[in-house]
Amino acid sequence: MSEPSEQALSLSVFFPCYNEEANVERTTLAALKACRRFGGDFEVIIVNDGSKDRTGELAEKLAAEHAEVRAVHNRPNRGYGGALQRGFREARKDWVFYTDGDGQFDFEEIDKLLALLGQYDIVSAYRVDRQDPFVRKANAFCWCTLVNLLFGMRIRDIDCAFKIFPRKLFDEIEMKSEGALIDTEILARATRLGYTIGQVGVHHYPRVAGAQTGANLRVILRAFKELFKLRGQIKRTARAAERGPDHG
Ligand SMILES: Nc1nc2c(ncn2[C@@H]2O[C@H](COP(=O)(O)OP(=O)(O)OP(=O)(O)O)[C@@H](O)[C@H]2O)c(=O)[nH]1
Ligand SMILES: [Mg+2]
């Protein structure tokens, strides 16, 4: 696949939403505005992850109002990883960009990712001034250091929800994480396949509406459980590849 030029960009944009009735419209309109600037072929996918509020209903309304918008629904809620998996599997364009549905990132900064796609296969942003409490930032630093060591990567901010991938990657890798490990899983599997990853700083804004859910203990424990499973799976895949196709 050739480097995307602004004229010919074929882009799927999606964002997961779990109980984001206060944010989903604003986020969708911001995505549409950013995509329209490119004038290419694009789609915006709202992944409603089994929300208990009016997110699903609002997503359907937005899809009815805008031809480029599609709403898909996980029923019941499948977790952050399940929501991201759904978005990647639904994407139909050559490039897939995702961010969060709660408005903590600025879609306009997608330009920074596109600018690096000539040099790298994937671009993963890092938050320059992360709007989270110190303890959460310190935990994130330790987590990122651990996964980099385990999977031989050098990612500055693994869980930054501002990344772009070639869609074909998702035909080549399995995704199993249903929790917060999903970002690590995708980048670790892509790294094993030889995909290169560019990194660039983007802004991060405080959540203005909706409930904070990203750092509860259940999320963290689930991520560790999935981490050890993923480590085992990737090791097994590597050993099978070394043995060659006859040995499966
Ligand atoms: N936490 C959580 N978020 C989900 C889930 N499914 C989809 N999401 C969406 O994933 C995005 C990231 O979740 P957030 O709760 O914003 O996580 P965060 O940004 O790390 O933390 P806060 O915004 O501080 O809660 C949001 O757009 C959520 O609506 C889920 O099952 N759990
Ligand atoms: Mg958030």
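Scroll up to find the structure.
What counts, and where the lines are drawn
- Residues numbered from 1 in each chain as written.
- Chains lettered and ligands numbered in written order.
- Predicted model: local features only at pLDDT ≥ 70, side-chain atom pairs only at ≥ 80, totals over all residues.
- Heavy atoms only, no water.
- Pairing = 2+ DSSP bridges.
- Helix = DSSP H or I, 4+ residues; strand = E, 2+ residues; numbered from the N terminus.
- Axes fitted to C-alpha atoms, helices over the stretch in contact; angles between N-to-C directions.
- Contact = heavy atoms within 4.5 Å.
- Phe/Tyr/Trp six-rings, centres within 6.5 Å; stacked < 30°, edge-to-face > 60°.
- Buried < 20%, exposed > 50% of the residue type's maximum accessible area, 1.4 Å probe, protein only.
- Lys NZ or Arg CZ within 6 Å of the ring centre and 35° of its normal.
- Core = buried A, V, L, I, M, F, W, Y, C linked by side-chain atoms within 4.5 Å.
- Expected span 1.5 Å × (residues − 1).
- Donors = N, O, S within 2.8 Å, 3.2 Å for Na, K, Ca; no water.

Help me get a handle on the sheet that holds strand β7 (residues 197-202), residues and values and all.
Pairing is mixed in the open sheet, where seven strands are placed in the order β3-β2-β1-β4-β6-β5-β7. Looking along the sheet, the strands with just one partner apiece sit at the ends: β3 (69-74) and β7. When the angles between neighbouring strand axes are averaged without regard to direction, this sheet yields 20°. Looking at chain direction, strand β5 (residues 122-127) and β7 are connected through six bridges and run parallel. Across the sheet, residue Val123 finds its bridge partner in β7, namely Gly198. On top of the sheet, helix α2 (residues 55-65) reaches β1 (10-17), β2 (41-49) and β3; it is set at about 155° to β3, its chief contact. Helix α7 (residues 182-192) contacts β4 (95-99), β5, β6 (162-166) and β7 of the sheet and is inclined by roughly 40° relative to β6.

Quick rundown of the packing of aromatic side chains? Include the residues and the values.
Under the counting rule described, the total for this entry stands at 11 aromatic pairs. Relative to Phe162, the ring of Phe97 lies with its centre 4.8 Å away and its plane at 85°, an arrangement referred to as edge-to-face. With Phe97 in strand β4 and Phe162 in strand β6, this residue pair connects regions lying 65 residues apart in the sequence. Each member of the pair Phe97 and Phe162 is classed as buried. By the ring-pair criterion, three or more aromatic residues cluster together here, those being Phe14, Phe88, Tyr98, Phe165 and Phe170. Directly above the aromatic system of Tyr126 lies the positively charged group of Arg156, at a separation of 3.7 Å from the ring centroid.

Account for α7, naming residues and giving values.
Burial analysis of α7 places nine of its 11 residues in the buried class, which makes it a mostly covered element. Where α7 is concerned, the buried positions are Ile182, Asp183, Thr184, Glu185, Ile186, Leu187, Ala188, Arg189 and Ala190. At the exit of α7 stands Gly194, carrying a positive phi of roughly 95°.

Requested: an account of the nonpolar core, with residues and values cited.
Judged by nonpolar contacts, the single largest core of 71 residues is most densely connected at Leu11 and Phe88. Top contributing element to this core by residue count: helix α1 (residues 24-38), with six residues. Discounting chain neighbours no more than four positions away, the residues touching Leu11 are Cys35, Asp41, Phe42, Glu43, Lys93, Trp95, Phe97, Ile110 and Ile164.

Describe unusual backbone geometry, with residues and values.
At the junction of Arg75 and Pro76, the peptide bond is cis and its omega measures out at 0° in the coordinates. The backbone of Asn19 shows a phi angle near 55°, a positive value even though the residue is not glycine. Looking at the element boundaries, Asn19 is found in the loop between β1 and α1.

Quick one: what's the story with the environment of Glu178, residue by residue and with numbers?
Following the sequence through the fold, Glu178 ends up in the loop between α6 (169-172) and α7. On the basis of relative accessible area, Glu178 is assigned to the partly exposed category, the value being 26%. Distance in space between the C-alpha atoms of Glu178 and Lys229 is 12 Å, their sequence separation being 51 residues. Excluding residues that lie within four positions of it along the chain, Glu178 makes contacts with Arg78, Gly79, Tyr80, Gly81, Gly82, Gln85, Arg222 and Glu226.

Summarise helix α8 (residues 217-243); cite the residues concerned and give the values.
With 27 residues, α8 extends 40 Å between its outermost C-alpha atoms, agreeing within 8% with the 39 Å of an ideal straight helix rising 1.5 Å per residue. Inspection of α8 places Ala223, Glu226, Leu227, Leu230, Gln233, Ile234, Ala238 and Ala240 among the buried residues, and these make up the whole buried set. Remark: Gly244 follows α8 within two positions and exhibits a positive phi of approximately 95°.

Before we move on, could you go through the coordination of the magnesium ion (ligand 2) and cite the residues and values that matter?
Distances from the magnesium ion (ligand 2) to its protein donors, namely Asp102 (OD) and Gln104 (OE1), fall within the range 2.0 Å. Considered together, Asp102 and Gln104 belong to a single accessibility category, that of buried residues.

Distances and angles like these do not, on their own, reveal function.
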